[in-house]
Amino acid sequence: MKYQTAALFFLVLVSCQTPSIPSCPQVSEHLADQVSFPCGVVVDPSSLEFNQAYAGIVDDHFNSVTAENIMKPDALHPVEGVFDWAAADQLVDYCQRSGKRLHGHTLIWHQQLPFWMQHYQGSREDWERMFKDHITQVVSHFKGKVASWDVVNEAFNDDGSLRNTIWKEHLGPSYLEKAFRYAHEADPEAKLFYNDYSVVLAPQKRAAILAYFSQLKAQGVPIHGIGVQMHIYNGFPTDSEISQAMDDIWRAGFLVHLSELDISINPLGQAMPTPPEDELARQANRYLYIFQSFKRIPEAYQFGITIWGVSDADSWIRYFFNRDDYPLLFDDQYQPKPAFCKLISTL
Ligand code: XIL
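The shown structure was predicted, so the numbers you read here are calculated from the model rather than taken from an experiment.

Trainee: Talk me through the state of the cysteines; I want residue IDs and the actual numbers.
Mentor: Scanning the model with the defined rule gives 0 disulfides in all. No disulfide involves Cys95; its sulfur sits 14 Å from that of Cys39, the nearest cysteine. Overall, Cys95 belongs to the buried group, its relative accessible area being 4%.

Trainee: Outline the packing of helix H11 (residues 239-251) against helix H12 (residues 277-296), listing residues and values.
Mentor: Where H11 contacts H12, the two axes come as close as 10 Å, and the packing angle between them is 25°. By the criterion of interaxial angle, the relationship of H11 to H12 is roughly parallel. Relative to H12, H11 is oriented so that their crossing is right-handed. Contacts between H11 and H12 involve Asp239, Ser240, Ile242, Ser243 and Met246 from the first element and Arg286, Tyr289, Ile290, Ser293 and Phe294 from the second. Looking at the contact of H11 with H12 residue by residue, the classes come out as 5 nonpolar, 3 polar and 2 charged.

Trainee: Can you explain the side chain of Thr306? Please cite residues and give values.
Mentor: Within the fold, Thr306 resides in strand S9 (residues 302-307). Polar side-chain contacts of Thr306 include one of 2.8 Å to the side chain of His257. For Thr306, the residues in contact, after removing those within four places along its chain, are Gly40, Val41, Val42, Thr66, His257, Leu258, Ser259, Glu260 and Leu261.

Trainee: How would you summarise the pairing of S9 if you had to cite specific residues and measurements?
Mentor: In terms of residue burial, S9 counts as a mostly covered element, since 6 of its 6 residues are buried. Across 3 bridges, strand S1 (residues 39-43) lies against S9 in parallel orientation. Each residue of the ladder has a partner; that of Gly40, found in S9, is Thr306. Sheet analysis places strand S8 (residues 255-264) next to S9, joined by 4 bridges and oriented parallel. In the sheet register, Leu258 faces S9, and the bridge partner there is Ile305. Note that the unit made of S8, H12 and S9 has a crossover that is right-handed.

Trainee: Outline the pattern of salt bridges, listing residues and values.
Mentor: By the definition in use, this model includes 13 salt bridges. Residue Asp126 pairs with Arg129 through a salt bridge whose shortest N-O separation is 2.5 Å. Of the two residues, Asp126 and Arg129 are both situated in helix H7 (residues 124-141); the distance of 3 residues between them amounts to about one turn of the helix. Note on Arg129: relative accessible area 54%, which makes it exposed. Among the ionic pairs, Lys337 bridges to Asp312, the shortest N-O distance being 2.9 Å. Note that Lys337 is positioned in the loop between helix H13 (316-321) and helix H14 (338-346) and Asp312 in the loop between S9 and H13, a separation of 25 residues in sequence. For Asp312, a relative accessible area of 1% translates into the label buried. When salt bridges that share partners are traced, they join Arg124, Glu128 and Lys178 into one network.

Cut-offs used in this document
- Residues numbered from 1 in each chain as written.
- Predicted model: local features only at pLDDT ≥ 70, side-chain atom pairs only at ≥ 80, totals over all residues.
- Heavy atoms only, no water.
- Disulfide = S-S within 2.5 Å.
- Buried < 20%, exposed > 50% of the residue type's maximum accessible area, 1.4 Å probe, protein only.
- Axes fitted to C-alpha atoms, helices over the stretch in contact; angles between N-to-C directions.
- Helix = DSSP H or I, 4+ residues; strand = E, 2+ residues; numbered from the N terminus.
- Parallel < 35°, antiparallel > 145°, perpendicular 65-115°, else oblique.
- Left-handed = near helix turned anticlockwise from the far one by under 90°.
- Contact = heavy atoms within 4.5 Å.
- Nonpolar A, V, L, I, M, F, W, Y, C, P; charged D, E, K, R; others polar.
- Polar contact = N/O pair within 3.5 Å; in protein donor to acceptor, adjacent residues only side chain to side chain.
- Pairing = 2+ DSSP bridges.
- Right-handed = clockwise from strand over helix to strand, strands pointing away.
- Salt bridge = Lys/Arg side-chain N within 4 Å of Asp/Glu carboxyl O.

Next comes the structure, spelled out in structure tokens:
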């Protein structure tokens with residue numbers, strides 16, 4: 001009896017001491033050092049300035065940076081002809097000081113446009129001028145400081161047709177090719193990307209994008225790569241669909257940027273005050289699969305992987321879709337999650 005009580009006490013003690021998330025002894029190693037391609041993260045400059053834990057993770061584990069919101073048209077160009085460079089310039093300084101690559105996101109999109117642009121009135125020539133001026137001013141300002149740009153974001157529908165946006169409505173479909181030409185004129189060294197979602201999940205969309213840009217490229221339009229957003233889930237798309245998409249892109253001759261990676265574990269938006277351990281383990285396997293299959297594409301096409309947020313507390317998924325979720329590599333306390341530990345220990 002005495003022996004049984006002691007055994008029970010021991011069991012309780014052990015289970016209390018076992019942390020819910022497995023320990024991660026290799027955390028002193030740096031994620032970006034584990035891979036030969038650029039390892040990026042999306043950031044917000046004020047968190048970088050005021051949140052030490054956040055800044056520590058960005059400093060230590062990533063060598064490429066994308067701005068989450070401050071380089072979108074509404075942030076950079078709030079009033080026609082008036083640019084607000086302050087926050088983005090601060091990020092440029094940070095990247096230069098820390099030797100990190102800066103990826104520009106995004107020049108032309110149908111969302112996060114300033115009010116004046118959305119409601120712009122004018123002739124076709126006025127629209128052409130306004131469109132060209134925005135691209136030229138922004139790319140020229142960051143010339144030599146921003147290594148690459150998402151020139152156009154989300155211009156295709158999931159069925160492969162071109163999305164109706166103000167740009168298509170006022171400039172016609174050729175706005176796409178013009179955007180790339182203007183960006184290239186303003187900074188001939190910058191790598192230029194077309195960026196979109198559902199590139200993996202919707203093969204017809206991927207095929208349409210690749211056919212469209214292959215044709216433009218053949219005509220001499222300066223487009224270098226495809227950004228695959230990768231806001232994905234534990235359950236879908238499948239692993240093989242992910243590697244198929246990457247293969248299709250590099251085989252078509254484009255650099256591959258997994259540009260906005262996060263892996264949701266709660267697609268149905270159920271109440272989930274804490275993340276279930278089995279889902280965190282699945283998420284870890286999925287992150288690892290993605291990094292490993294990215295490693296397998298020819299090095300010349302590996303532009304990099306960018307994670308869309310530092311910790312779960314910073315993830316856009318929570319506020320944008322209004323659901324509990326845990327899609328990133330660090331938890332709400334900025335502690336490494338199983339996914340991070342798996343990457344660090346396996347890559
Ligand atoms: C998101 C940001 O993360 C949010 O903070 C913002 O409120 C909305 O935009 N596709 C994109 C990104 O190309 O710019 C989006 O970023 C996420 C989806």
